[in-house]
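Coordinate analysis (summary)
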Amino acid sequence: GMDGTGDVGQDVLAARQKELKARIEALRSEQDLLLFQKQFSAMDSKYAVLDLARGRGQLKYRSRVLLDFTFKPLPKRVIRTVPRGARPLTKKIEQTDGRFALVFGRDFVLRTTSAASPGRKAPQIIVPPVEMRSIFIALEEGSIAYILR
């Protein structure tokens, strides 16, 4: 009304609507991951799940976790450029002295600190060498990495 309190109600409703949209998005993301994991629990292949914001990943086989690993979290501006969901491994690069890189198309590159960047402008996810060796051996071209944001 005329006392100026009408806008406060709209502001509260707008804030609540924003909260609900964020919650819906989070639930959709969680549902997508669960459906993905259900699909892979029946398949005989290994896959990776990467949480870019938290800097954590898992190498999984069916419903079992083979390896938990960490990496430096990516900045929010970079995370927005990486599509959420399943991404196929398109190329494995093995260099001398235990330097490895896994290229997931134009979306991102998973590599060790010492490995040279494969020359792409894709975001670089740096994994410690010991974990990277295990990931490199376990995943084959065509394997999937599921991206959480």
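Every chain begins its residue count from 1, and numbering advances along the sequence as written. Per-residue local features are limited, in this predicted model, to residues with pLDDT of at least 70; the limit for side-chain atom pairs, both in listing and counting, is 80 or more; totals at the level of whole chains, interfaces and linings are taken over all residues. Values reported for side chains reflect all heavy atoms of the structure, with hydrogen atoms and water molecules removed beforehand.

**Structural notes on the nonpolar core**
- Membership of the largest hydrophobic core comes to 26 residues, with the highest contact counts inside it found for Leu50, Leu52, Leu102, Leu110 and Ile125.
- For the purposes of this entry, the term helix denotes a DSSP run of H or I that reaches at least four residues, the term strand denotes a run of E that reaches at least two, and both are numbered from the N terminus. Those elements that place two or more of their residues in this core are strand S1 (46-51), strand S3 (64-70), helix H2 (76-79), strand S6 (99-104), strand S7 (108-111), helix H3 (129-138) and strand S9 (144-148).
- A total of four residues in this core trace back to one element, the largest contributor, which is H3.
- The criterion used for residue contact is that any of the two residues' heavy atoms lie within 4.5 Å. Aside from chain neighbours lying at most four places away, what touches Ile125 is Leu50, Leu52, Phe71, Leu74, Phe108, Val109, Leu110 and Arg111.
- Buried Ala, Val, Leu, Ile, Met, Phe, Trp, Tyr and Cys residues that are joined via side-chain atoms within 4.5 Å together make up what is termed a nonpolar core. The rule is simple: take the accessible area with a 1.4 Å probe, protein chains only, and divide by the maximum for that residue type; under 20% is buried, over 50% is exposed, in between is partly exposed. Grouped together as the second largest cluster of nonpolar side chains are seven residues, Leu33, Tyr47, Val49 and Tyr146 included.

**Comments concerning the packing of aromatic side chains**
- Pairing of aromatic rings covers Phe, Tyr and Trp, the last counted by its six-membered ring, and requires centre-to-centre distances within 6.5 Å; plane angles under 30 degrees mean stacked, over 60 mean edge-to-face, and any other angle means tilted. Going through the model one piece at a time under the given rule, you end up with three aromatic pairs.
- When the centroid spacing of 4.5 Å and the interplanar angle of 15° are considered together, the rings of Phe104 and Phe108 count as stacked.
- Residue Phe104 is classed as buried on the basis of its relative accessible area, which comes to 1%.
- Placement of a positive charge over a ring is assigned whenever Lys NZ or Arg CZ falls within 6 Å of the ring centre and within 35 degrees of the normal to the ring plane. The side chain of Lys92 reaches across the aromatic face of Phe136, ending 4.5 Å from its centre.

**Remarks on the pattern of salt bridges**
- In what follows, salt bridge is the name for a side-chain nitrogen of Lys or Arg lying within 4 Å of a carboxyl oxygen of Asp or Glu. Counting across every chain of the model gives four salt bridges.
- With a shortest N-O distance of 3.5 Å, Glu19 and Arg16 are connected by a salt bridge. Of the two residues, Glu19 and Arg16 are both situated in helix H1 (residues 6-41); the distance of three residues between them amounts to about one turn of the helix.
- For Glu19, a relative accessible area of 48% gives the class partly exposed.

Note that every value here comes from positions in space, so none of it alone points to a role or purpose.
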